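Tertiary structure, described
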Amino acid sequence: MMKKDEYLNLFEKSLRKYKVNDLEDILDEYKQHFSFKLLDGYSEEEVASKLGDPEKVALNFALDYEGRKLLALKPAGKRLAK
């Protein structure tokens, strides 16, 4: 099981690998998740486990961003006549 620093380091590397925008904001948000959950009594390993695989989480951020970019470029569709 991963500790906080290991999780965040792998998460940052993955975000960089996938060229995710707003990397620092995302990392700050995940650091806050750790901080809040640790204050609630969870262990670092429990928090890391609940957040999910850092590589997959980073990929989801990358795919979400790319999807939004594609939707922004997509011309408004016309309704098909029945």
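Basis of the calculations
Residues numbered from 1 in each chain as written. Predicted model: local features only at pLDDT ≥ 70, side-chain atom pairs only at ≥ 80, totals over all residues. Heavy atoms only, no water. Helix = DSSP H or I, 4+ residues; strand = E, 2+ residues; numbered from the N terminus. Buried < 20%, exposed > 50% of the residue type's maximum accessible area, 1.4 Å probe, protein only. Contact = heavy atoms within 4.5 Å. Areas by Shrake-Rupley, 256 points an atom, 1.4 Å probe, with all protein chains shown as cover. Phe/Tyr/Trp six-rings, centres within 6.5 Å; stacked < 30°, edge-to-face > 60°. Axes fitted to C-alpha atoms, helices over the stretch in contact; angles between N-to-C directions. Parallel < 35°, antiparallel > 145°, perpendicular 65-115°, else oblique. Left-handed = near helix turned anticlockwise from the far one by under 90°. Nonpolar A, V, L, I, M, F, W, Y, C, P; charged D, E, K, R; others polar. Core = buried A, V, L, I, M, F, W, Y, C linked by side-chain atoms within 4.5 Å.

As for the overall build of the chain
Within the chain, the secondary structure is distributed over four helices and zero strands. Start at the N end of the chain and walk to the C end: the helices and strands fall as α-α-α-α. Scored against the burial criterion, the 82 residues of the chain give a buried share of 21%. For the chain, the proportion of contacts with a sequence separation of at least 24, taken over those separated by at least 6, is 60%. Accessible surface, the chain: about 6500 Å² in total, of which carbon and sulfur atoms supply 53%.

Brief notes about the packing of aromatic side chains
With the rule as written, the count across this model stands at five aromatic pairs. Considering the side-chain rings of Y7 and F11, the 6.1 Å spacing of their centres and the 35° angle between planes classify their relative orientation as tilted. Here F11 and Y7 lie together in helix α1 (residues 4–17), a separation of four residues that amounts to about one turn. With a relative accessible area of 1%, Y7 lands in the buried category.

Section: the packing of helix α2 (residues 23–39) against helix α3 (residues 44–51)
Working note: a packed helix pair is described by the angle between its axes plus the distance between those axes. It is the contact of α2 with α3, at a shortest axis distance of 10 Å, that shows an interaxial angle of 130°. Here α2 is positioned oblique relative to α3, judged by the angle of their axes. Of the two elements, α2 crosses α3, and the hand of that crossing is right-handed. Every residue of α3 that contacts α2 at Y30, H33, F34, K37 and L38 is listed here: E44, V47, A48 and L51. Looking at the contact of α2 with α3 residue by residue, the classes come out as six nonpolar, one polar and two charged.

Describing the nonpolar core
Core analysis: the largest hydrophobic core is formed by 15 residues, its most contacted members being Y7, F11, L15, I26, Y30 and F34. At the level of secondary structure, the elements contributing two or more residues to this core comprise α1, α2, α3 and α4 (54–73).

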